[in-house]
Amino acid sequence: DVVIVDDDLPELNEMFTVELSNPTGGATLGTTTSVQATIFNNDFAFGLLRVVNVSTVSSDMPENVGEITFTIERTRGTFTDITVPWSITQVRGSSDGPVDFLQVNGVVEFASGERWAQVTTTVNDDDTPEDDEEFTFQLQSVTGSAQAHPTEGSFNITLQYNDDAFGVVRVHEDSALKSVNESTGMVTLQLERTAGTFREVFVSWVVSVASVSASDISPTHGTARFAPGESIANITITINDETVPEIEEFFTIALQSISGNPARFHSSPLMATVNILPNDNPHGVLQFLPSSQTLSVTNQGLRALQVGIQRTGGTISAVEVTFSILLDTSGTGSNCQPQSIVSSPQTVSINDKLSSRSIDLLIDSAATLVEGQSFCLSIDSTALKTVG
C-alpha cells in the first residue's frame with residue numbers, strides 16, 4: 001500500500017510513479033512493472049473566495065450613495081489565473097420600480113498569485129419612491145476551479161427607503177374649504193398623501209379655531225390613518241343638528257404631527273375649514289299680524305293705516321322689510337290695484353332681538369275713505385339691515 005499524506009496545503013495536480021523491481025523468493029517481473037498515479041488539486045488550490053469589505057460605512061445605505069465597491073479576498077491557494085462570476089439579486093422589497101443597480105452581474109479576475117480584487121457597481125439614484133430593499137452580492141463557484149466561501153462568499157446590502165416612500169401629506173384640495181348644512185349631521189374631510197404609499201402612516205389633528213361651541217361638533221381631535229398602499233385618509237366629524245336658530249358658524253381642523261413611519265407634511269394646505277350654513281331661520285320668518293291691520297287716528301289727529309309685522313324663529317340681527325299696499329277692489333283680495341291713499345311701497349326695519357314691529361302709515365289727508373274699503377298687503381323683499 002502507498003500512503004498519501006492528507007495535509008492542508010493547497011496543491012495542484014501531482015503525479016508519481018510506482019515501479020516494481022528486484023523481486024525475491026523466485027518471483028519474476030511481468031511485462032507491466034510500473035504504474036502512474038495522480039493526486040488531484042486539493043485544499044482549494046485555486047482559491048477560496050470571500051467578500052471581506054464594502055466601501056460604504058454600513059450595509060444600510062442611501063440610494064444616492066453612488067458607487068459601491070466590494071473587496072474580495074482569495075484565500076488558500078493562488079495557483080493560475082482565475083475568472084469568477086458575480087451577481088446582485090434582490091431578496092426583499094418592491095421590484096416594480098426601475099433597475100436599482102446599473103451593473104447586476106459580471107466577472108472578477110485574479111492573476112496567478114494574486115490575493116485581492118475588487119468589484120464596483122453603481123446604484124441607480126432614480127426619483128421613484130421605494131421602501132427598504134435588500135440585495136445579495138454573490139460570488140459563484142467555478143467547477144474545477146476557485147470556490148466561493150459557503151458563508152462568506154456573499155454580502156447583503158440594504159438600500160434605505162427613499163424619495164418620500166411613505167408619502168407627503170396634506171389636506172385634499174376639495175376639503176380645504178367646505179360648506180355644509182347642520183341637518184346633514186356630519187362632514188367628512190379627506191387627507192391625501194402623494195409620492196409613496198408604503199406602510200401605514202398616522203396623522204394627528206385638532207380643531208384649532210372655531211366659532212361653534214364644544215357641544216356642536218365631535219370629536220374635536222383625533223388621528224387619521226393611511227393604510228399601506230392607500231393615498232386617502234378620512235376625518236369624519238359629527239355635527240349636532242339642534243333646533244336653535246343660528247347664523248353661519250365655522251371650525252378649522254389643523255394637522256399636527258405624523259407617526260407610524262417617517263412621512264412628511266406638504267407645505268400646504270394643512271388646515272381645513274368647515275362652514276356650517278345658517279340654520280333654523282336665524283333672522284326670522286316674517287309675516288303680517290292679521291289682527292293689527294286697522295285704521296287708526298294718531299295723537300295729532302291724523303288718519304293712519306296701522307300695520308303689524310311679526311318674525312318667528314330667530315331674531316338675530318336687524319332686518320329690513322319692504323312691502324306694498326294695494327287697494328282691494330274686489331273685497332276678497334283677488335283684485336289688488338295701485339292706490340294713492342297710502343304711500344307704497346314701504347320699507348321698515350325690525351331691530352336685533354325684536355320679534356315684531358307696528359307701523360302707522362299716514363293716509364293722505366285729501367283721500368276719501370269708503371266704508372268697507374280694504375287693502376292688500378304684500379311683502380316684496382327682506383334683507384339684513386346694513387350699518388351706515
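Figured I'd write up the structure that's included with this text. Remember, it's a predicted structure, so these values are computed and weren't measured experimentally.

## Quick look at the overall build of the protein
Then comes step 1: Helix and strand content of the protein: zero helices and 29 strands.
Then comes step 2: Taken over C-alpha atoms, the radius of gyration comes to 48 Å for the protein, far larger than the 21 Å a tight globule of 388 residues would show.
Then comes step 3: Counting only C-alpha atoms, the protein reaches 175 × 35 × 35 Å along its principal axes.
Then comes step 4: Among the 388 residues that make up the protein, the fraction classed as buried is 34%.
Then comes step 5: Considering only contacts in the protein between residues 6 or more positions apart, those separated by 24 or more positions represent 72%.

## Section: the state of the cysteines
Then comes step 1: Tallying each qualifying case throughout the model produces one disulfide.
Then comes step 2: Each sulfur in the disulfide pair C336 and C376 lies 1.8 Å from the other. Here the disulfide of C336 and C376 is left-handed, its torsion about the S-S bond being about -70°. Of this pair, C336 sits in strand 26 (residues 336-337) while C376 sits in strand 29 (residues 374-384); the two residues are 40 residues apart in sequence, bridging distant segments of the chain.
Then comes step 3: Classification of C376 by relative accessible area gives buried; the value is 11%.

## Side note on the pairing of strand 25 (residues 319-328)
Then comes step 1: Counting buried positions over the ten residues of strand 25 gives eight, a clear majority of the element.
Then comes step 2: In terms of strand pairing, strand 25 meets strand 27 (residues 346-350) through five bridges, oriented antiparallel. Directly across from E320, in strand 27, lies its bridge partner S349.
Then comes step 3: Here ten bridges tie strand 25 to strand 29, and the two strands are oriented antiparallel to one another. Residue F323 lies in a different strand from strand 29, and its bridge partner there is I379.

## Some thoughts on the environment of Q160
Then comes step 1: Tracing the backbone shows Q160 in the loop between strand 11 (154-159) and strand 12 (168-171).
Then comes step 2: Q160 sits 159 residues away from D1 along the chain, and the two C-alpha atoms are 62 Å apart.

## Quick notes on unusual backbone geometry
Then comes step 1: Geometrically, the link from S218 to P219 is a cis peptide bond, its omega value of -10° lying close to zero.
Then comes step 2: Of note in this structure, D43 is not a glycine but carries a positive phi near 50°.
Then comes step 3: Take D43: it is sitting in the loop between strand 2 (34-39) and strand 3 (48-54).
Then comes step 4: In this structure, D164 is a non-glycine residue whose phi angle is positive, near 55°.
Then comes step 5: Tracing the chain through its elements places D164 in the loop between strand 11 and strand 12.

Reading guide: rules and limits
- Once a new chain begins, its residue numbering starts again from 1 and follows that chain's sequence as written.
- Confidence filtering applies because this is a predicted model: local features only for residues at pLDDT of at least 70, side-chain atom pairs given and counted only at 80 or more, and all residues used for totals across whole chains, interfaces and linings.
- Hydrogens are left out, water is left out, and the side-chain values use all remaining heavy atoms of the structure.
- Numbering of helices and strands starts at the N terminus; helices are DSSP runs of H or I of at least 4 residues and strands are runs of E of at least 2.
- We take the radius of gyration over the C-alpha atoms and set the globule estimate at 2.2 Å times the residue count to the 0.38 power.
- The buried label goes to any residue with under 20% of its type's maximum accessible area, the exposed label to any with over 50%, and the partly exposed label to all in between, with areas taken from a 1.4 Å probe on protein chains only.
- Only heavy atoms enter the contact rule, under which two residues are in contact if any of them lie within 4.5 Å.
- For this text, the term disulfide refers to a pair of cysteine sulfurs within 2.5 Å.
- Two strands pair under a simple rule: DSSP has to find at least two bridges between them.

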